[in-house]
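# Close look at the chain arrangement
Read off the chains here:
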Amino acid sequence: DSGVTQTPKHLITATGQRVTLRCSPRSGDLSVYWYQQSLDQGLQFLIQYYNGEERAKGNILERFSAQQFPDLHSELNLSSLELGDSALYFCASSVGAVKYYEQYFGPGTRLTVT
Amino acid sequence: GQNIDQPTEMTATEGAIVQINCTYQTSGFNGLFWYQQHAGEAPTFLSYNVLDGLEEKGRFSSFLSRSKGYSYLLLKELQMKDSASYLCAVRDQLASNYQLIWGAGTKLIIKP
């Protein structure tokens, strides 16, 4: 158990809908990262927050947005869902923002868009 | 640009040794990570190299050669539970906020 929690574990929804994925980092970690992993694909970095502020952006679609709240939990919002958005979405956390800090991954949310 | 290459799949026998290679091309190398990921589960940290040489941690060792843009993960005394994907990730100081660039992973199959 990494100490990172994600809810829900599974999510099935229809095309065009909007969903929100939630992540709580490990106690004491200030950075939260979101990743997308499609079937048999590598991890694609989406976005990073550090202590409430956006720090880095990766390959995140305009239909996707995220935020980190004062209690450091984070939410990833996915809208106008398409079949291709079906994937595992991981949240990871680390202590710091830039220098070497191991990232701890949550168990993921499996999103299925039908 | 940035590029990380790993073999897609490897097969090894229980009790044996296997070496998983990773080659990378980045402009601002700042460290290399190896993660293990069982199917459908979260990646878990295995090792970190930033200087040339070998880092040993139990049955797992990781090697880095910065001049060659090359790393390998060595797994000894293979066990069935080592069947997983192994992800190589490079920290690039020229990427947005030193983000990790991830390889596609190597699926390791252990046979009895």
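Scroll up a little and you will see the structure.
A brief structural summary.

Further remarks concern the sheet that holds strand 1 (residues 5-7) of chain A. All names here are of chain A. Spatially, the 4 strands line up as an open sheet ordered 1-3-8-7, and their pairing is antiparallel. What marks the edges here is a single partner per strand, and that holds for strand 1 and strand 7 (64-68). The mean inter-strand angle of the sheet, taken between neighbouring strand axes irrespective of direction, is 15°. Where strand 7 meets strand 8 (residues 74-78), 5 bridges bridge the pair, whose relative direction is antiparallel. Its bridge partner being in strand 8, phenylalanine 64 is matched across the sheet by leucine 78.

All right, on to the pairing of strand 7 of chain A then. In the case of a regular strand, side chains alternate between the two sheet surfaces. Across the two faces of strand 7 of chain A the burial differs, with A:Phe64, A:Ala66 and A:Gln68 buried and A:Ser65 and A:Gln67 not buried at all. Linking strand 7 of chain A to strand 8 of chain A, which pair antiparallel, is a turn of 5 residues; within it A:Leu72 sits at a positive phi near 80°.

Turning to the side chain of B:Asp92, a few remarks are in order. For B:Asp92, the location among the structural elements is in strand 9 (residues 84-92). Only 3.4 Å separates the side chain of B:Asp92 from the backbone nitrogen of B:Gly28, close enough to count as a polar contact.

Counting from both sides, the interface comprises 19 residues of chain B and, opposite them, 24 residues of chain A. Counting each side, the surface lost to burial between chain B and chain A is near 1,600 Å², with a carbon and sulfur contribution of 56%. At the boundary of chain B and chain A, one finds 4 residue pairs in polar contact (both at pLDDT 80 or more). Sorting elements by how many residues they give to the side of chain B that touches chain A places strand 4 (residues 29-37) of chain B first, with 3 residues.

The rules behind these values
Residues numbered from 1 in each chain as written. Chains lettered and ligands numbered in written order. Predicted model: local features only at pLDDT ≥ 70, side-chain atom pairs only at ≥ 80, totals over all residues. Heavy atoms only, no water. Pairing = 2+ DSSP bridges. Helix = DSSP H or I, 4+ residues; strand = E, 2+ residues; numbered from the N terminus. Axes fitted to C-alpha atoms, helices over the stretch in contact; angles between N-to-C directions. Buried < 20%, exposed > 50% of the residue type's maximum accessible area, 1.4 Å probe, protein only. Polar contact = N/O pair within 3.5 Å; in protein donor to acceptor, adjacent residues only side chain to side chain. Contact = heavy atoms within 4.5 Å. Buried area = accessible area lost by both parts, 1.4 Å probe.

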